[in-house]
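Working through the structure, step by step
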Amino acid sequence: MDRSDELHARHIRDTLAAGGAVRSVVAASWHRSQELHKLDPASPRSPVWRLTEQEIDLARQPLEPLIACAEGAMDRLHAAVGGVGCCVLLADRNGVPLERRGAAGDDDTFSAWGLWVGTQWSEGSQGTNGIGTAIAEQRPVTIHRDQHFFSRNALLSCTSSPIHDADGQLEAVI
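Residues numbered from 1 in each chain as written. Predicted model: local features only at pLDDT ≥ 70, side-chain atom pairs only at ≥ 80, totals over all residues. Heavy atoms only, no water.

1. Comments concerning helix H7 (residues 130–137)
Let me state the cut-off plainly: To sort residues, take the accessible area from a 1.4 Å probe on protein chains only and compare it with the maximum for the residue type: under 20% means buried, over 50% means exposed, and anything in between is partly exposed. Helix and strand definitions follow DSSP, with helices as H or I runs of at least four residues and strands as E runs of at least two, each counted in order from the N terminus. Here a polar contact means two N or O atoms within 3.5 Å. Within protein one must be a hydrogen donor candidate and the other an acceptor candidate, and residues neighboring in sequence count only if both atoms are side-chain atoms.
Within H7, six of the eight residues are buried, leaving the element largely enclosed by the surrounding structure. At the N-terminal boundary of H7, the capping side chain belongs to Asn-129, with an oxygen 3.1 Å from the backbone nitrogen of Ile-131. Positioned one or two residues after H7, Gln-138 has a phi angle of 60°, which is positive.

In structure tokens:
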């Protein structure tokens, strides 16, 4: 663990010790990550784990109508932000991206970071992050760089918004 990882972990622990979880969406997520999910902000990068193709196909089935409906919006959003090193993900209610738009030149980097179809991004697996925190908070969030729970994700900036079905139930996150 390098010095910046230690400082990041200390910042999270100090914020939580000072009661920051009651004042901030980010600190509340840090609290859930540490206390509920028993994650350590200084943990080294673990290998990227992905669902199998069969598991991805099964997870996509109930969302196929939504995915088909979202394709045009995802294409337009990626056209707007893809040139600056961003990708667009559509994740299920469990935080697993099932559809992705990204520039081919960024694919190796994003795949290594886990910003790929089939990778788990719930708070329980990744701590504070755009997808998982939008699910937990049931509202749009932006998690910018060192607001991520794990220092290994501190290079990322993520803006996510939940998508609810006609009955108001969480269906997906973009």
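2. Points about the environment of Ile-67
Going by this rule: Any two residues whose heavy atoms approach within 4.5 Å are treated as being in contact.
Here Ile-67 is to be found in helix H4 (residues 64–81). For Ile-67, a relative accessible area of 1% puts it in the buried group. With near-sequence residues (within four places) excluded, Ile-67 lies in contact with Arg-60, Leu-90, Leu-98 and Glu-99.

3. Considering the packing of helix H1 (residues 3–17) against helix H2 (residues 25–36)
Note the following rule: Between N-to-C directions, angles cover 0 to 180 degrees, with each direction set by a line fitted to C-alpha atoms, over the stretch in contact for helices. Should an angle fall under 35 degrees it is taken as roughly parallel, and over 145 as roughly antiparallel, whereas 65 to 115 is taken as roughly perpendicular and any remaining angle as oblique. In this count, Pro and Cys sit with the nonpolar residues alongside Ala, Val, Leu, Ile, Met, Phe, Trp and Tyr, while Asp, Glu, Lys and Arg are called charged and the others, Gly among them, polar.
Packing of H1 against H2 leaves a shortest axis separation of 10 Å and a crossing angle of 105°. By the criterion of interaxial angle, the relationship of H1 to H2 is roughly perpendicular. Residue-level contacts link His-11, Ile-12, Arg-13, Thr-15 and Leu-16 of H1 to Ala-27, Trp-30, His-31 and Gln-34 of H2. Grouping the constituent residues of the contact of H1 with H2 by class yields four nonpolar, four polar and one charged.

4. Focus on the packing of aromatic side chains
Aromatic ring pairs are described here by two measures, namely the spacing of the ring centres and the angle between the planes. We apply this condition: Side-chain rings of Phe, Tyr and Trp, where Trp is taken by its six-membered ring, are said to pair if the distance between their centres is within 6.5 Å; with planes under 30 degrees apart they count as stacked, over 60 as edge-to-face, and otherwise as tilted.
For the coordinates displayed, the defined rule picks out two aromatic pairs. On the numbers, 5.9 Å between centres and 40° between planes, the contact of Phe-110 with Trp-113 is tilted. Taken as a pair, Phe-110 and Trp-113 lie in helix H5 (residues 107–113) at a separation of three residues, close to a single helical turn. Ring centres 5.4 Å apart and planes at 75° place the aromatic pair Phe-149 and Phe-150 in the edge-to-face group.

5. Quick notes on the sheet that holds strand E5 (residues 162–164)
Using the following cut-off: The pairing criterion for strands is at least two bridges between them, as found by DSSP.
Spatial ordering of the open sheet is given by E2-E1-E6-E5, a layout of four strands whose pairing is antiparallel. At either margin of the open sheet sits one strand with a lone partner, and together these are strand E2 (97–101) and E5. Geometrically, the sheet is characterised by an average inter-axis angle of 25° between neighbouring strands, direction not taken into account. Helix-sheet contacts for H7 involve strand E1 (88–92), E2, E5 and strand E6 (170–173), and the interaxial angle to E6 is about 160°.

These figures come from the coordinates and say nothing about function on their own.
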